[in-house]
Structure formats: structure tokens, C-alpha cells
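If you want the building blocks of each chain, they are given just below.
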Amino acid sequence: MSEGQSNHDFPAEWLTTSDLSNTRLKHRVRPPVFAISEVTLWRWVKKGILPQPIQIGGRCFWAAADIADMLDRQVMASMGGAHDE
């Protein structure tokens, strides 16, 4: 995790499945980080696009800093940085 300021505004230090994808959550305060289904979220975890979550009490959590780093890497790659895929 980096100590620098992130350009991403996340609701907490730890993000849940509902924070990252479209779920059946009612009364959502913010849109999810990704406009994807929960199934796609788990496909991304399986492919290594997203890190494995930490499971606590049957719920899954991702560190917001890890998601911010992943988003920053994706932006850099889309700008012509990495071509390893």
C-alpha cells in the first residue's frame, strides 16, 4: 500500500461486495465502484484482476488502498504504459 494521496474517494478503508459491484442492496448511498455484476466481480477475482478478499463473519472485504492501486495500474496501462497481456 502506498502512503501517497489517492485520487479515489472511497466510503471506507475496507470495501464490501456491494461497494464494488451491483448487488441487490437497497437504499444504496453511492453507486458501486465498478458498473459490473457480482458474478463478474468474482470472475475478476478468479482471473487475478482483483485481489482475493479477506473474509470476516461470512462477508468479503477488500482494502480500499488495494482497489485504488489496481485502478491506477489500469489507468496507466490504458495510457500505453504496460503491454504485457
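Below, the structure is looked at part by part. What you are looking at is a predicted structure, and each value in this text was computed from that prediction instead of being measured.

### Digging into the overall build of the protein chain
Within the protein chain, the secondary structure is distributed over 3 helices and 3 strands. In the protein chain, the succession of α and β elements from N to C terminus is β-α-α-β-β-α. Expressed as a percentage of the 85 residues in the protein chain, the buried residues total 27%. Residue pairs in contact within the protein chain that sit at least 24 positions apart in sequence constitute 42% of those at least 6 positions apart. When the accessible surface of the protein chain is split by element, carbon and sulfur atoms take 52% of a total near 6500 Å².

### Considering the nonpolar core
Within the largest apolar cluster, 15 residues are counted, with the highest numbers of intra-cluster contacts made by F10, L20, F34, L50, W62 and I67. If you list the elements that add at least two residues to this core, you get α2 (38–47), β3 (59–63) and α3 (64–78). Apart from the residues lying within four places of it in its own chain, the contact partners of F10 are L15, R30, V33, A64, I67, A68 and L71.

### Quick look at the pairing of β3
Along any regular strand the residues' side chains alternate between the sheet's two faces. Of all 5 residues in β3, 4 are buried, a share of seventy percent or more. As defined by bridge partners, strand β1 (residues 14–16) adjoins β3 across 3 bridges and the pair is classed as antiparallel. Bridge pairing in β3 places T16 opposite F61. Judged from the 3 bridges that link them, strand β2 (residues 54–56) and β3 form a sheet pairing that is antiparallel. Paired with Q55 across the strands is C60, a residue of β3. Hairpin geometry of β2 and β3 is characterised by an intervening segment of 2 residues between the two adjacent antiparallel strands and by a positive phi of about 60° at G57.

### Thoughts on unusual backbone geometry
Positive phi, normally seen in glycine, also occurs at H27, with a value near 60°. Here H27 lies in the loop between α1 (17–20) and α2.

### Quick notes on the sheet that holds β2
Pairing is antiparallel across the open sheet formed by 3 strands, whose spatial order is β1-β3-β2. Strands at the two margins of the open sheet, each flanked by one partner only, are β1 and β2. Adjacent strand axes in the sheet meet at a mean angle of 40°, parallel and antiparallel pairs treated alike. Its contacts with the sheet place α3 against β1 and β3, and it is angled at close to 60° to β3.

Conventions we followed
- Position numbers for residues start from 1 in each chain and track the written sequence from start to end.
- Since the coordinates come from a predicted model, pLDDT governs what is reported: local features require at least 70, and pairs of side-chain atoms require 80 or more to be given and counted, while whole-chain, interface and lining totals use all residues.
- Computation of side-chain values: all heavy atoms of the structure, hydrogens and water removed.
- Helix and strand assignments follow DSSP, with helices taken as H or I runs no shorter than four residues and strands as E runs no shorter than two, numbered in order from the N terminus.
- Note on classification: 1.4 Å probe, protein chains only; a residue is buried when its accessible area is under 20% of the maximum for its type, exposed when over 50%, partly exposed between these limits.
- Note on definitions: a residue-residue contact is assigned when non-hydrogen atoms from the two residues lie within 4.5 Å.
- Methods summary: accessible areas were calculated by the Shrake-Rupley approach with a probe of 1.4 Å, and residue burial reflects only the protein chains presented.
- The term nonpolar core refers to a set of buried residues drawn from Ala, Val, Leu, Ile, Met, Phe, Trp, Tyr and Cys, joined through side-chain atoms within 4.5 Å.
- Any two strands are treated as partners once DSSP identifies two or more bridges connecting them.
- Angular values range over 0 to 180 degrees, each being the angle between N-to-C directions of two axes fitted as lines to C-alpha atoms, with helices fitted over their stretch in contact.

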